[in-house]
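Given next are the chains, with one letter for each unit.
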Amino acid sequence: MVKQLELNDYKQGVADSYDRRSQTYDNSDWHVQICRRLLEYSQVSAGQTVLDIGTGTGHLAIAAAQIVGDQGQVIGIDISARMLEQAQSKVNAMGLSNVELQLANAEALDYPVNHFDHILCANTFPWMEDKEATLRLWQRFLKPGGRIGVHTPADTAYVGAVVLRKVFAKYGVSLEASNRIGSVEQCQDLFIKAGFEAVEIKTEQHGSYTNLENAKATWEGVVVRPSSTSLKVLGNGLSQLSSAQLAQAKVEFDAELEALQTEEGIWDDLTTLYILSRKAGNRSSR
Ligand SMILES: C[S@@+](CC[C@H](N)C(=O)[O-])C[C@H]1O[C@@H](n2cnc3c(N)ncnc32)[C@H](O)[C@@H]1O
């Protein structure tokens, strides 16, 4: 893991932000749950080869390694060296010899064609800059009939982000929600366009009520102190707005959220999509 990657500014920013989060990433069990679910849906079995893209601290790679066993192999890749260090220490502590962790950019991978039984990607795919090209690339590495499983929040997720995008759209500023791909239909179209077949999307709702203060904090995280990498301002975005426009946008943002208040709080949607699909070809030929 001493290798250095050549990353553009956007990807370097993503890698840096996960490097910073690496020590505390495992404090929440949210990601573990998602990884378990994706693995369950993907039906990985003993002896198979699995590529875990954006493996992070290795939740999915480790769980997959326990399923594929000694006859199988799991490769976990990530652009954050610090996240991989966390994963590696868990792999070492568990004495797993069938997991290999590699520092690599998911959009510039180089593996043999027709190699993996499964490519899985949890909590990561929305970071990809050219999603269709990335899917086409990954598809090359799958065996004929091999399966892909990708998790993403739907574009209705996270109320603060949804309202912020709506308000800024009126001012001609586009915010890309880096932490999602889109609707069920958009996901379906994307995978079909990238050449996958039998696309199936499973949907789960993990939303809950939040309070106004939390929902409003999205403004701070994206506009005032853009520490959040979950919403990416596209183009010259905010700098094209005058301070008066920005102040007005803030008033509209607050008002939109206030209008969503109920006795229980504000509904914070977290529709979660699991996109399951496969590469064309006969599984029995593998
Ligand atoms: C939210 S974490 C998910 C980690 C793990 N899959 C999980 O669910 O716990 C996203 C991970 O994707 C990685 N990542 C983002 N863009 C990437 C890229 N282009 N190539 C490889 N990894 C990437 C980040 O470094 C981070 O570790």
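I will try to describe carefully the structure that is included in this document. All figures in this text were calculated on a predicted structure; none of them were measured in a lab.

1. Details of the site of the ligand
As a matter of local geometry, the ligand sits amid 23 residues, with Tyr25, Gly54, Asp78, Ala106 and Asn123 nearest to it. One nitrogen or oxygen atom from the main chain of Ile79 is found 3.3 Å from a nitrogen atom belonging to the ligand. Contacts to the ligand include Thr124, whose side-chain N or O atom sits 3.2 Å from an oxygen atom. Those elements that place two or more of their residues in the shell around the ligand are helix H1 (9–21), helix H2 (30–42) and strand S2 (73–78). A per-element tally of the shell around the ligand places H1 first, with three residues.

2. Here we look at the nonpolar core
Counting residues in hydrophobic clusters, the biggest one holds 66 residues, and the most contacted among them are Leu109 and Trp138. At six residues, helix H3 (residues 59–68) tops the list of elements feeding residues into this core. Leave out the neighbours within four places in its chain, and Trp138 touches Ile53, Ala106, Leu109, Ile119, Cys121, Phe125, Met128 and Ile148. Core analysis: the next-biggest nonpolar cluster, separate from the first, contains 19 residues, Phe168, Val223, Phe253 and Ile266 among them.

3. Things to note about the packing of H2 against H3
Two elements in contact, H2 and H3, have axes whose closest approach is 9 Å; the angle formed by their N-to-C orientations is 40 degrees. Viewed along their axes, H2 and H3 adopt a mutual orientation that is oblique. Remark: the crossing between H2 and H3 carries right-handed chirality. Touching His31, Val32, Cys35, Leu38 and Leu39 of H2 are His59, Leu60, Ala63, Ala64 and Ile67, all from H3. Looking at side-chain class alone, the contact of H2 with H3 contains eight nonpolar, two polar and no charged residues.

Procedures and definitions
The residue count restarts for each chain, going from 1 along the sequence in the order it is written. Local features in this predicted model are restricted to residues whose pLDDT is 70 or higher, and side-chain atom pairs enter the listing and the counts only when it is 80 or higher, whereas totals over whole chains, interfaces and linings include all residues. The side-chain numbers reported here are obtained from all heavy atoms of the structure, hydrogens and water having been left aside. A single heavy atom is enough: if one lies within 4 Å of a molecule or strand, its residue is considered near that molecule or strand. Pairs of N or O atoms within 3.5 Å make up the polar contacts considered here, provided that, within protein, one atom can donate a hydrogen while the other can accept it, and that residues adjacent in sequence are counted only when both atoms are side-chain atoms. Numbering of helices and strands runs from the N terminus, with a helix taken as a DSSP run of H or I at least four residues long and a strand as a DSSP run of E at least two residues long. What makes a nonpolar core is a set of buried Ala, Val, Leu, Ile, Met, Phe, Trp, Tyr and Cys residues whose side-chain atoms join them at distances within 4.5 Å. Each residue's exposure class comes from its accessible area (1.4 Å probe, protein chains only) as a fraction of the maximum for that residue type: buried when under 20%, exposed when over 50%, partly exposed otherwise. The criterion used for residue contact is that any of the two residues' heavy atoms lie within 4.5 Å. All axes here are fitted lines through C-alpha atoms, helices being fitted over the stretch that makes contact, and every angle between N-to-C directions spans 0 to 180 degrees. Convention used here: angles under 35 degrees read as roughly parallel, angles over 145 as roughly antiparallel, angles from 65 to 115 as roughly perpendicular, and any remaining angle as oblique. Crossing handedness is defined as follows: a turn of the near helix away from the far one that is anticlockwise and smaller than a right angle gives a left-handed crossing, while the clockwise case is right-handed. Residues are grouped as follows: nonpolar covers Ala, Val, Leu, Ile, Met, Phe, Trp, Tyr, Cys and Pro; charged covers Asp, Glu, Lys and Arg; every other residue, Gly included, is treated as polar.

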